[in-house]
Amino acid sequence: MSLEIHPASPKDAPELAQVFYASFRTDCDKTMFPNTPDVTEWFERFFSADITRSIEGETRDVFLKVTEGSEDGGDRIVAFAKWKFPVPADRNRHEEQIVWPASSDKELCDRFFNGMEARHEKWMGERPHYYLDMLGVHASYQGKGLGSRLLKWGLTRADAEGLEVYLSASPAGKPLYQKYGFREVDSFSPYPDYAQVAMIRSPNSQI
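Per chain, the residues get numbers from 1 upward, laid out in the order the sequence is written. Given that the model is predicted, a residue must reach a pLDDT of at least 70 before its local features are reported, and side-chain atom pairs must reach 80 or more before they are shown or counted; all residues, however, enter totals for whole chains, interfaces and linings. Hydrogens and waters are ignored; side-chain quantities use all the structure's heavy atoms.

- The name given to the protein chain in an unreviewed UniProt entry is Acyl-CoA N-acyltransferase, and the organism recorded there is Penicillium roqueforti.

See below:
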């Protein structure tokens, strides 16, 4: 079966929510976002609204999905990524305050995502750069190179423009990013025995 990268659409939101659950499975992830009906509904709204804004040009975000084709003509989403393209220095990158779903651990969510954003601002400031906001691969499809393909999609564009790439890596994702030239610049621990790592890649590092 073929595995192909395509732009995601708002109608993909329910499937993307399920791939999220199947991709991010640490105790930290499951504490922040338990697989409950209200969290699932929240993710579906989040993905649908975010993808709609990107399609309508309200943001410079690009949502990608990897689909596996089947003999009956149906496609299954098995991985996804959200890339943020560089924004002008005079354009505010800050987003409005997120209201977390009721079943989530709101304090952990705030600690995790505020910590990520603080380090993003600290290390990149107003320098133009690409930002890999999210990359998830379904557990059943990990180890097949899908993360690398979604990563290279943005790295190739950043290199063509001579721009840095920034991301915040989970412990599981860090080795992949190091392989493609990212270096660790900062880290924080929002949850016991869990370290989230800020990483930067200079243009034209290895791919």
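Having seen the structure, we can now continue with the description.
## Topic: the overall build of the protein chain
And then number 1: Only DSSP runs of H or I reaching four residues or more are called helices, and only runs of E reaching two or more are called strands; each is numbered from the N terminus. Along the protein chain, the regular secondary structure elements total six helices and seven strands.
And then number 2: In sequence order, the protein chain lays out its α and β elements as β-α-α-α-β-β-α-β-α-β-α-β-β.
And then number 3: Only C-alpha atoms enter the radius of gyration, while the globule expectation follows 2.2 Å times N to the 0.38, with N the number of residues. Against the 2.2 N^0.38 benchmark of 17 Å for 207 residues, the protein chain shows a C-alpha radius of gyration of 17 Å, consistent with a compact globule.
And then number 4: Overall, the C-alpha framework of the protein chain stretches about 45 × 40 × 35 Å when taken along its three principal axes.
And then number 5: For each residue, the accessible area found with a 1.4 Å probe, counting protein chains only, is set against the maximum for its type, and the residue is called buried under 20%, exposed over 50%, and partly exposed in between. Across the 207 residues of the protein chain, 46% fall into the buried class.
And then number 6: We call two residues in contact whenever any of their non-hydrogen atoms come within 4.5 Å of each other. Counted over contacts in the protein chain with a minimum sequence separation of 6, partners at least 24 positions apart contribute 72%.

## Observations concerning the side chain of K82
And then number 1: With respect to the helices and strands, the residue K82 is situated in strand 3 (residues 75–84).
And then number 2: By relative accessible area, K82 is classed as buried at 3%.
And then number 3: Only 2.7 Å separates the side chain of K82 from the side chain of D50, close enough to count as a polar contact.
And then number 4: Ignoring any residue separated from it by four or fewer positions in sequence, one finds K82 in contact with D50, D61, V62, F63, Y131, L132, D133 and M134. Polar contact is defined as a pair of N or O atoms within 3.5 Å, subject to the rule that within protein one atom must be able to donate a hydrogen and the other to accept it, and that residues adjacent in sequence are counted only when both atoms are side-chain atoms.

## Structural notes on the packing of aromatic side chains
And then number 1: Only rings of Phe, Tyr and Trp enter the pairing, Trp through its six-membered ring, and a pair is recorded when the two centres are within 6.5 Å. The plane angle decides the type: under 30 degrees is stacked, over 60 is edge-to-face, the rest tilted. This structure, assessed with the given rule, holds 23 aromatic pairs.
And then number 2: Taking the centre distance of 6.0 Å and the plane angle of 45° together, the rings of F85 and W153 count as tilted. Within this pair, whereas F85 is found in the loop between strand 3 and helix 4 (106–124), its partner W153 is found in helix 5 (residues 146–161), the two being separated by 68 residues in sequence. For the pair shown, F85 and W153 are each scored as buried.
And then number 3: Relative to Y166, the ring of Y131 lies with its centre 5.7 Å away and its plane at 50°, an arrangement referred to as tilted.

## Examining the pairing of strand 4 (residues 129–137)
And then number 1: Judged by how many residues are buried, strand 4 sits mostly within the fold: eight of nine residues are covered.
And then number 2: Any two strands with at least two DSSP bridges between them are considered paired. Strand direction decides the pairing type here: strand 3 and strand 4, joined by six bridges, are antiparallel. Bridged to W83 within strand 4 is L132.
And then number 3: Sheet analysis places strand 4 next to strand 5 (residues 164–169), joined by four bridges and oriented parallel. Residue H129 lies in a different strand from strand 5, and its bridge partner there is E164.
And then number 4: Between strand 4 and its parallel partner strand 5, the chain crosses via helix 5, and the hand of that crossover is right-handed. Seen with its strands pointing away from the viewer, a crossover is right-handed if its path from the first strand over the helix to the second goes clockwise.

## A look at helix 5
And then number 1: The terminal C-alpha atoms of helix 5, which comprises 16 residues, lie 24 Å apart, in line with the 22 Å expected from a rise of 1.5 Å per residue.
And then number 2: Helix geometry: helix 5 is bent most strongly at K152, by close to 25°.
And then number 3: Three or more residues of helix 5 are buried, namely L146, G147, S148, L150, L151, W153, G154, L155, A158 and D159.
And then number 4: The positive-phi residue at the C-terminal boundary of helix 5 is G162, with phi of around 65°. A helix is expected to span 1.5 Å multiplied by its residue count minus one. Two axes are fitted around each residue, one to the seven residues ending there and one to the seven starting there, and the angle between them is reported as the bend at that residue.

## Section: the environment of D38
And then number 1: Mapped onto the elements of the fold, D38 is located in helix 3 (residues 37–55).
And then number 2: The sequence separation of D38 and D27 amounts to eleven residues, and the corresponding C-alpha distance is 19 Å.
And then number 3: Among the polar contacts made by the side chain of D38, one reaches the main-chain amide nitrogen of A102 at a distance of 3.1 Å.
And then number 4: Only 2.6 Å separates the side chain of D38 from the side chain of S103, close enough to count as a polar contact.

## A short note on the sheet that holds strand 1 (residues 3–7)
And then number 1: Pairing is mixed across the open sheet formed by seven strands, whose spatial order is 1-2-3-4-5-7-6. Pairing within the sheet leaves two strands with one partner each, and these edge strands are strand 1 and strand 6 (183–191). Going across the sheet, the axis of each strand differs from the next one's by a mean of 25°, ignoring polarity.
And then number 2: Across five bridges, the pairing between strand 5 and strand 7 (residues 194–201) is antiparallel. Axis lines are fitted to C-alpha atoms, over the contacting stretch for helices. Their N-to-C directions set the angle, which ranges from 0 to 180 degrees.

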